[in-house]
Amino acid sequence: MLEKTEQYREVTVKTEPIFEGKIISLQVDTVQLPNGGTATREIVRHPGAAAVLALIDDKMLVVEQYRKPMEKFQIEIPAGKLDAGEDPMVAAARELEEETGFRAGKLRPLSAFYTSPGFADEKLYIYIAEDLVKGESAPDEDEFLAVEAITFEQAQQYIREERISDAKTILAVYAWHIYRLTGEI
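The following refers to the structure shown.

Criteria and thresholds
- Residues numbered from 1 in each chain as written.
- Predicted model: local features only at pLDDT ≥ 70, side-chain atom pairs only at ≥ 80, totals over all residues.
- Heavy atoms only, no water.
- Helix = DSSP H or I, 4+ residues; strand = E, 2+ residues; numbered from the N terminus.
- Contact = heavy atoms within 4.5 Å.
- Salt bridge = Lys/Arg side-chain N within 4 Å of Asp/Glu carboxyl O.
- Buried < 20%, exposed > 50% of the residue type's maximum accessible area, 1.4 Å probe, protein only.
- 1 Å grid on protein atoms, 1.4 Å probe; cavity = no way out; pocket = protein on both sides within 12 Å on 5 of 7 lines; lining within 4 Å.
- Points joined across faces, edges and corners; volume = space filled by probe spheres on them.
- Nonpolar A, V, L, I, M, F, W, Y, C, P; charged D, E, K, R; others polar.
- Core = buried A, V, L, I, M, F, W, Y, C linked by side-chain atoms within 4.5 Å.

1. Examining the environment of Ile-159
Inference 1: On the secondary structure map, Ile-159 appears in helix α3 (residues 152–160).
Inference 2: Between the C-alpha atoms of Ile-159 and Asp-121, which are 38 residues apart in sequence, the distance is 26 Å.
Inference 3: If we skip the residues at most four places from it in the chain, Ile-159 touches Ile-164, Ile-170 and Val-173.

2. Considerations on the pattern of salt bridges
Inference 1: Counting across every chain of the model gives 18 salt bridges.
Inference 2: Taking the shortest distance from any N to any O, the salt bridge between Arg-45 and Asp-121 comes out at 3.2 Å. A residue pair is termed long-range when its members are at least 10 positions apart, and Arg-45 in strand β3 (residues 38–45) and Asp-121 in the loop between β8 (102–114) and β9 (123–134) qualify at 76 residues.
Inference 3: The exposure class of Arg-45 is partly exposed, given its relative accessible area of 32%.
Inference 4: The partly exposed category is assigned to Asp-121, whose relative accessible area is 26%.
Inference 5: Between Arg-180 and Glu-153 there is a salt bridge, with its nearest N and O atoms 3.9 Å apart. In this pair, Arg-180 is assigned in helix α4 (residues 167–182) and Glu-153 in helix α3, connecting sequence segments 27 residues apart.
Inference 6: Residue classification places Arg-180 among the partly exposed residues on the basis of a relative accessible area of 37%.

3. A short note on the layout of surface pockets
Inference 1: Empty space within the largest pocket amounts to approximately 1,400 Å³.
Inference 2: Surrounding the largest pocket, 37 residues form its lining, Ile-23, His-46, Arg-67, Gly-80 and Lys-81 being those nearest its centre.
Inference 3: Those elements that provide at least two residues to the lining of the largest pocket are β5 (59–67), β7 (79–81), α2 (88–100) and α4.
Inference 4: Broken down by element, the residue count for the lining of the largest pocket peaks at four residues, all from α2.
Inference 5: Partitioned by chemical class, the residues of the lining of the largest pocket number 14 nonpolar, six polar and 17 charged.
Inference 6: Taken together, Asp-29, Arg-41, Glu-42, Ile-43, Arg-45, Pro-117, Gly-118, Phe-119, Ala-120 and Asp-121 form the lining of the second largest pocket.

4. What to know about unusual backbone geometry
Across residues other than glycine, the phi torsion is negative in most instances, and most of the peptide bonds are trans.
Inference 1: Despite not being glycine, Asp-131 shows a phi value in the positive range, around 55 degrees.
Inference 2: Along the chain, the position of Asp-131 falls in strand β9.
Inference 3: Of note, the phi angle at Glu-162 is positive, near 60 degrees, even though the residue is not glycine.
Inference 4: Assignment of secondary structure puts Glu-162 in the loop between α3 and α4.

5. Details of the nonpolar core
Inference 1: Core analysis: the biggest nonpolar cluster contains 21 residues, and Met-60, Ile-150 and Ala-155 have the highest contact counts within it.
Inference 2: Taken together, the elements giving at least two residues each to this core come down to β4 (49–56), β5, β9, α3 and α4.
Inference 3: For this core, the element with the highest residue contribution is α4, accounting for four residues.
Inference 4: Ignoring sequence-local partners within four residues, the contact set of Ala-155 consists of Met-60, Ile-150, Ile-164, Val-173 and Trp-176.
Inference 5: The next biggest cluster of nonpolar side chains, apart from the first, holds 13 residues, and it includes Leu-82, Ala-92, Leu-96 and Phe-102.

Written out as structure tokens, the structure reads:
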């Protein structure tokens, strides 16, 4: 089947930049469709992000912060955007320490995925932090968050209550569940 899908590729005919911000940019592409017609695609460009599943004493480190697009507080695993050309593992280590004050003796890749491939190119890398050492947090000047270590049961409850409702944190909780069942991720 995969060899047949190439015939469905869309070819970009024109790109119109719409917005260039600090974190994202927006463009509208005109594409030629496989049937010869044309269509427009609204595309959000994002530098990518890294996140960390950090477990300490069978608890997961999370941060709670206000998320303006949703107009509510969210409980999430530590995460942040990649700087230009930055290795995602370096970003994950930085974000873990900035947001929680913990440093990882070791980081292992867990997964990577595109957050919303229908309109955005953001790729999010998730790492597992091991051998945690407590240090000092240093959140960004516009970042206001509370740090907590939650139990697996709390994580499940927060998912039911939609206090945890983002894909990266839900994926981390499921990975944690597998780890608790098998001893491996």
